[in-house]
Amino acid sequence: MFTGIIEELGTIQSIQKHHPTTQLTIKASKILDDMKIGDSISVNGTCLTVIEFDDTSFKVDVILGTENKTYLNQLKSGDQVNLERALLATGRLGGHFVQGHVDDIGKILHVKQSQNEWIYTIEAPSSILNQMIAQGSIAVDGISLTVFSKNTTSFEIHLIPETRRATTLSHKTQGDVVHLEADMLFKYVTASIQNKKELSMNDLLKAGF
């Protein structure tokens, strides 16, 4: 489980194909402090498992199923990625609950800068848009953001300069793809309504809320 608050930008050092998996070596610093084999790390919003690490980098394997649902297979050596360690029970929840299970891929349609913010318009599948509400939460490349507005084909997010500077969105522009993960609570509520089952406080506690 993650919060969507990016801890640092890592850099892809190498990509090795080991059919049917792909191994990524990612240069990092901050998140290496307490790293252990088997730790979950969010890489651009995708939950991956640490299989090896040293003082300057760590390695993760990307299975074929994950590659098929994300754009991780489009990454190149030198690309930067958003990194976040799994949430500690003792930590502050600064964003929202992010599982690191990418729902789908969106595409940036437009980027506009105003006086004190950057506005991104992102095209998304209807399956994702149907799980979004204005002022609700959405994870974009693992970043916890607020849905400013949405229509039938896209939605808008507004970034303060610090969020843009500290994440890969500073390098992304029109036509680039992003990972999207809808708010987990919205999914539970939707499933409960569809199953005509009352969502109790116990259900929410079991789900981690």
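The structure contained in this document is the topic of the report that follows. (Residues numbered from 1 in each chain as written. Predicted model: local features only at pLDDT ≥ 70, side-chain atom pairs only at ≥ 80, totals over all residues. Heavy atoms only, no water.)

1. Some thoughts on the sheet that holds strand β8 (residues 118-123)
- In space, the six strands of this closed barrel follow the order β7-β8-β11-β10-β9-β12, with antiparallel pairing throughout. When the angles between neighbouring strand axes are averaged without regard to direction, this sheet yields 45°. (Pairing = 2+ DSSP bridges. Helix = DSSP H or I, 4+ residues; strand = E, 2+ residues; numbered from the N terminus. Axes fitted to C-alpha atoms, helices over the stretch in contact; angles between N-to-C directions.)

2. A short note on the packing of aromatic side chains
- By the definition in use, this model includes zero aromatic pairs.
- Cation over ring: R164 sits above W118, and NZ or CZ is 3.6 Å from the ring centre. (Phe/Tyr/Trp six-rings, centres within 6.5 Å; stacked < 30°, edge-to-face > 60°. Lys NZ or Arg CZ within 6 Å of the ring centre and 35° of its normal.)

3. With respect to the layout of surface pockets
- Put simply, the largest pocket is a space of about 390 Å³.
- Surrounding the largest pocket, 18 residues form its lining, E7, R85, A86, L87 and L88 being those nearest its centre.
- Breaking the lining of the largest pocket down by element, the ones donating at least two residues are β3 (40-43) and β6 (80-85).
- Its residues placed into classes, the lining of the largest pocket shows seven nonpolar, four polar and seven charged.
- Estimated volume of the second largest pocket: approximately 300 Å³.
- As for the second largest pocket, its lining consists of N44, Y71, Q74, L75, K76, D79, Q80, T168, H171, K172, D176 and V177.
- Broken down by class, the residue content of the lining of the second largest pocket amounts to three nonpolar, five polar and four charged. (1 Å grid on protein atoms, 1.4 Å probe; cavity = no way out; pocket = protein on both sides within 12 Å on 5 of 7 lines; lining within 4 Å. Points joined across faces, edges and corners; volume = space filled by probe spheres on them. Nonpolar A, V, L, I, M, F, W, Y, C, P; charged D, E, K, R; others polar.)

4. Examining the sheet that holds strand β5 (residues 57-62)
- If you trace the six strands once around the closed barrel, you get β1-β2-β5-β4-β3-β6, paired in antiparallel fashion. Taking the axes of each pair of neighbouring strands and ignoring which way they run, one obtains an average angle of 45° across the sheet.
- Bridge count between strand β4 (residues 46-53) and β5: three bridges; the pairing is antiparallel. Following the sheet pairing, E52 is matched in β5 by K59.

5. A look at the nonpolar core
- Core analysis: the biggest nonpolar cluster contains 20 residues, and I138, V140, F155 and I157 have the highest contact counts within it.
- For this core, the elements supplying multiple residues, two or more each, are β8, α2 (126-129), β9 (137-140), β10 (143-150), β11 (154-159) and β12 (177-182).
- In this view, I138 contacts H96, I128, M132, I143, S144, L145, V147, F155, I157, E181 and A182; residues no more than four positions away in its chain are not counted.
- By size, the runner-up hydrophobic cluster in this structure holds 19 residues, among which are L32, V43, V60 and L83. (Core = buried A, V, L, I, M, F, W, Y, C linked by side-chain atoms within 4.5 Å. Buried < 20%, exposed > 50% of the residue type's maximum accessible area, 1.4 Å probe, protein only. Contact = heavy atoms within 4.5 Å.)

6. Structural notes on the pattern of salt bridges
- For the structure on display, the rule yields eight salt bridges.
- Between K59 and E52 there is a salt bridge, with the nearest N and O atoms lying 3.9 Å from each other.
- Residue classification places K59 among the partly exposed residues on the basis of a relative accessible area of 22%.
- For E52, a relative accessible area of 41% corresponds to the partly exposed category.
- The closest approach of N and O atoms between K76 and D79, which form a salt bridge, is 3.6 Å.
- Given the relative accessible area of 51%, K76 is considered exposed.
- Several salt bridges converge on common partners, so that one network encompasses E7, D34 and R85. (Salt bridge = Lys/Arg side-chain N within 4 Å of Asp/Glu carboxyl O.)

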